[in-house]
Every structure is written in structure tokens, then in C-alpha cells.
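Analysis of the macromolecular model
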Amino acid sequence: QVQLVESGGGLVQPGGSLRLSCVASGSISSIVAMGWYRQAPGKQRELVATITNTDYTRYADSVKGRFTISRDTAANTGYLQMNSVKPEDTAVYYCTALSLSKAYWGQGTQVTVSS
């Protein structure tokens, strides 16, 4: 089992920055990739970014050039750096960790972009 705890969400003004963190614990060695998804009110959960254990990254078109996913293996932590945020980035952001057989999810952290 893998447990994930997100932090770093909050209220940010349009054009501002925010960094989300996701600390993993448990069966860390089974993780092959980590990622971030988001879900806005009334919408389906969507992929934001993923990173593999070989540091291959993938981004949704809507965040390319603005968001950066990274990881610190020594700290068992994944990050999502969010720059130049827009009101449409408002959502609950979920961290996910993938093993070969299962996906694990955190509880989510709210990000609100508003002036």
C-alpha cells in the first residue's frame, strides 16, 4: 500500500504561482510513476501532468509551459510548480502514484485562482 498526502493549495491571484507537494509513504519501491490530476466543479477529473521513475514527463496541453512536475526521491515527494495561473486552473488537485498493478490517490488539495 502507498499513502499520499498533498499540501500547498490555497488562494492565488491570476498570474501568480503556487507549488503543490505530495509526500508518499508505505511501499515506495513499488511506484513507477507519479502524477497530478484535477477536478473542477461540475467537470470530470482530468490529467494535469505525470512523471515516471525515469523522469519522463507528460503534460496536458492546457498547462504546458506554465506548470512543471518534478520529484525528490530522497524525500519521497512529488511537486507541481504552477506558474502564470489562470482562473480556469481552479480545481481540487489530486496526487496519484502508480505501481504495476494499482493506482493510489491522495485526498486532494483545493486551488482557487481569483482576484
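Residues numbered from 1 in each chain as written. Predicted model: local features only at pLDDT ≥ 70, side-chain atom pairs only at ≥ 80, totals over all residues. Heavy atoms only, no water.

Mapped onto the secondary structure, tyrosine 94 falls in strand 9 (residues 91–98). A relative accessible area of 13% places tyrosine 94 in the buried class. The spacing of tyrosine 94 and arginine 45 is 49 residues in sequence and 9.1 Å in space, taken between C-alpha atoms. (Helix = DSSP H or I, 4+ residues; strand = E, 2+ residues; numbered from the N terminus. Buried < 20%, exposed > 50% of the residue type's maximum accessible area, 1.4 Å probe, protein only.)

It is worth spelling out the pattern of salt bridges at this point. Scanning the model with the defined rule gives five salt bridges in all. Across the pair aspartate 61 and lysine 64 runs a salt bridge whose closest N-O atoms are separated by 3.1 Å. The exposure class of aspartate 61 is exposed, given its relative accessible area of 64%. Linked by salt bridges that have partners in common, Arg38, Glu46, Arg66 and Asp89 make up one network. (Salt bridge = Lys/Arg side-chain N within 4 Å of Asp/Glu carboxyl O.)

Even without a glycine there, the phi angle at asparagine 76 is positive, about 50 degrees. Note on placement: asparagine 76 falls in the loop between strand 7 (67–72) and strand 8 (77–82). The backbone of serine 84 sits at a positive phi, close to 50 degrees, despite the residue not being glycine. Position of serine 84 among the secondary structure elements: in the loop between strand 8 and strand 9. Since its relative accessible area comes to 41%, serine 84 is described here as partly exposed.

Moving on: the confidence of the model for the protein chain. Across the protein chain, pLDDT averages 96, with 100% of residues at or above 70. Per-residue pLDDT, averaged within each element of the protein chain, yields its smallest value for strand 1 (residues 2–7) (95) and its largest for strand 11 (residues 109–113) (98). (pLDDT = per-residue confidence, 0-100.)

Another point: the environment of threonine 50. The topology assignment puts threonine 50 in strand 5 (residues 46–52). Here threonine 50 falls in the buried class, since its relative accessible area comes to 16%. Beyond its immediate chain neighbours, meaning those up to four positions away, threonine 50 contacts Met34, Gly35, Tyr56, Thr57, Arg58 and Ile69. (Contact = heavy atoms within 4.5 Å.)

For any pair of aromatic rings, geometry is given as the distance between the ring centres together with the angle between the planes. This structure, assessed with the given rule, holds one aromatic pair. Across the ring face of tryptophan 105, the terminal group of arginine 45 is positioned such that the distance to the ring centre comes to 4.8 Å. (Phe/Tyr/Trp six-rings, centres within 6.5 Å; stacked < 30°, edge-to-face > 60°. Lys NZ or Arg CZ within 6 Å of the ring centre and 35° of its normal.)

Taken together, four strands build an open sheet; the order of strands is 1-3-8-7 and the sheet is antiparallel. Looking along the sheet, the strands with just one partner apiece sit at the ends: strand 1 and strand 7. With direction set aside, neighbouring strand axes in the sheet form an average angle of 15 degrees. Pairing between strand 7 and strand 8: six bridges, direction antiparallel. Note on strand 8: the bridge partner recorded for phenylalanine 67 is methionine 82. (Pairing = 2+ DSSP bridges. Axes fitted to C-alpha atoms, helices over the stretch in contact; angles between N-to-C directions.)

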